[in-house]
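Here are the chains, one letter per residue:
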Amino acid sequence: MLDHRTETFMTVCNVMNYREAAELLHITQPAVTQHIQFLEKEYGCRFFLYENRKLIKTPAAQMLEEHLRSAQQRENFLREKFKNNGLRELRIGATKTIGDYVITDQIHKFLDQSDTSLTLIVDNTKHLLQLLEQNALDYAIIEGYFDKNRFESQLYRREPFVGICPKDHPFAGKEVSVENLLSETLIHREKGSGTLAILEDKLLEHNESLERFHRHICISSFKMIIDLIKSGYGISFVYEVLAKSDPELGIFTLKGEPLIREFNIIYLKYAEVEEKIGWFLD
């Protein structure tokens, strides 16, 4: 169980402002300072410094924050066991490709067991990482990039990343250069999504960007993206599992090395979630 001083520390980590932390905790700002100073004396190091009038975390603060978040997660797990009388409660996140097209069968298998309860959040990578850091999720299954200094991971599977177009489009079934894409309308996901990050990195390899396309359209819904593609409004890039989900879509690849990306199960460093991962994977 975290005490009031570590709760103060975690609140400062969240808002990075002593005054705001005091307001959230309903204590005075000098009390916040005293709690932080007590912990710094206890551990023999500084946790927060001011740089250009902005509060920053030291490496020691980042390490303590990771340990405390993991401890809080373990405590939550214990509380669940007490509260649920043996019910296995799972809180997981998944990026949209994975949540909508990959893990359906495993969700069915998990829920077919009468002693289970599930919360599933399907969202973009950026928001899922935030939820993990807030201890709102046990773990997330994502296709995007993540900070390996802040999260541990376990490989879930690998998946090709391909282009999609109308079935009668000249690109269908072919290998296409990045240069030939630019005359097309590109339909892509929103900032924070893993698929957009992969596409932007690939364009950058060729000194290109979204702005170089004839037109680019941002849509957060895969269903709408697929509808627009089939109706001839443009091209897009998705994982192969999604591309093959609709027979009316044409599939093409980019010239060069095939784009293969990992789907990873990620969780807080030092968190003990192996049992909960096993519930879902087994």
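Procedures and definitions
- Residue numbers run consecutively from 1 along every chain, following the written order of its sequence.
- Restriction of local features to residues with pLDDT of at least 70 applies here, the model being predicted, together with a cutoff of 80 or more for giving and counting side-chain atom pairs; totals for whole chains, interfaces and linings are based on all residues.
- Side-chain numbers come from the whole structure's heavy atoms, not from hydrogens or water.
- In this text, helices come from DSSP runs of H or I with a minimum length of four residues, and strands from runs of E with a minimum of two, each type numbered from the N-terminal end.
- To sort residues, take the accessible area from a 1.4 Å probe on protein chains only and compare it with the maximum for the residue type: under 20% means buried, over 50% means exposed, and anything in between is partly exposed.
- When charges are counted, neither His nor the chain ends are considered; positive counts come from Lys and Arg and negative counts from Asp and Glu.
- By salt bridge we mean one thing: a side-chain nitrogen of Lys or Arg within 4 Å of a carboxyl oxygen of Asp or Glu.
- The pairing criterion for strands is at least two bridges between them, as found by DSSP.
- Buried Ala, Val, Leu, Ile, Met, Phe, Trp, Tyr and Cys residues form a nonpolar core when they are joined through side-chain atoms within 4.5 Å.
- Contacts were defined at the residue level, with two residues in contact if any of their heavy atoms lie within 4.5 Å.
- When the strands point away from the viewer and the path from the first strand over the helix to the second turns clockwise, the crossover is right-handed.
- Axis lines are fitted to C-alpha atoms, over the contacting stretch for helices. Their N-to-C directions set the angle, which ranges from 0 to 180 degrees.
- Our angle categories are set so that under 35 degrees counts as roughly parallel, over 145 as roughly antiparallel, 65 to 115 as roughly perpendicular, and the remainder as oblique.
- Gly is put with the polar residues, along with every residue not named as nonpolar or charged; the nonpolar set is Ala, Val, Leu, Ile, Met, Phe, Trp, Tyr, Cys and Pro, and the charged set is Asp, Glu, Lys and Arg.

Q: Residue-level account of the side chain of glutamate 66, with values.
A: With respect to the helices and strands, glutamate 66 occurs in helix H4 (residues 59–84). The charged side chain of glutamate 66 is buried without a salt bridge, its nearest counter-charge being arginine 150 at 4.4 Å.

Q: So what about the pattern of salt bridges? Which residues, and what values?
A: Per the stated rule, a full pass over the model turns up 20 salt bridges. A salt bridge links arginine 69 to glutamate 65; the nearest nitrogen and oxygen atoms lie 2.8 Å apart. With arginine 69 and glutamate 65 both in helix H4 and four residues apart, this pair spans about one turn of that helix. Look at arginine 69 and you get buried, because its relative accessible area is 8%. Of the residues examined, glutamate 65 reaches a relative accessible area of 2% and is grouped as buried. A salt bridge links aspartate 138 to lysine 276; the nearest nitrogen and oxygen atoms lie 3.0 Å apart.

Q: Give me the lowdown on unusual backbone geometry, citing residues and values where you can.
A: Although it is not a glycine, methionine 16 sits at a positive phi angle of roughly 50 degrees. Methionine 16 gets classed as partly exposed once you look at its relative accessible area, which sits at 23%. Positive phi, close to 60 degrees, is recorded for histidine 26, a residue that is not glycine. Residue placement: histidine 26 occurs in the loop between helix H2 (18–25) and helix H3 (29–43). A relative accessible area of 72% means that histidine 26 is categorised as exposed.

Q: Please give an account of the pairing of strand E12 (residues 260–268) that cites residues and values.
A: Direction of pairing for strand E5 (residues 139–142) relative to E12: antiparallel, over a ladder of three bridges. The partner of alanine 140 across the bridge, within E12, is isoleucine 266. Of the strand pairs in this sheet, strand E6 (residues 151–166) and E12 are connected by nine bridges, and their pairing is antiparallel. Paired with arginine 157 across the bridge in E12 is phenylalanine 263.

Q: Got a sec to walk through the nonpolar core? Specific residues and values, please.
A: If you look at the biggest cluster of nonpolar residues, it comprises 50 residues, and the most contacted ones within it are Ile103, Tyr139, Leu181, Phe237, Phe252 and Phe280. The greatest single-element share of this core, amounting to five residues, is contributed by E12. Apart from residues no more than four positions distant in its own chain, leucine 181 is found in contact with Phe171, Val176, Phe213, Ile235, Phe237, Phe252 and Leu254. Met10, Phe47, Leu55 and Leu64 belong to the second largest nonpolar core, which has 16 residues in total.

Q: How would you sum up the pairing of strand E8 (residues 185–188)? Please name residues and give values.
A: A two-sided burial pattern is seen for E8, the buried positions comprising Thr185 and Ile187 on one face and Leu186 and His188 on the other. Across four bridges, E8 lies against strand E9 (residues 215–218) in parallel orientation. From the neighbouring strand, threonine 185 faces E9, where its bridge partner is arginine 215. For the segment spanning E8, helix H9 (residues 194–205) and E9, crossover handedness is right-handed.

Q: Can you break down the packing of helix H1 (residues 4–15) against H3 residue by residue, with the values?
A: For the pair H1 and H3, the least separation of the axes is 9 Å and the interaxial angle reads 105 degrees. By the angle between their axes, H1 is roughly perpendicular relative to H3. Taken together, the residues of H3 that come into contact with H1 (itself represented by His4, Arg5, Thr6, Thr8, Phe9 and Val12) are Val32, His35, Ile36, Phe38 and Leu39. When grouped by side-chain class, the residues that make up the contact of H1 with H3 number six nonpolar, four polar and one charged.

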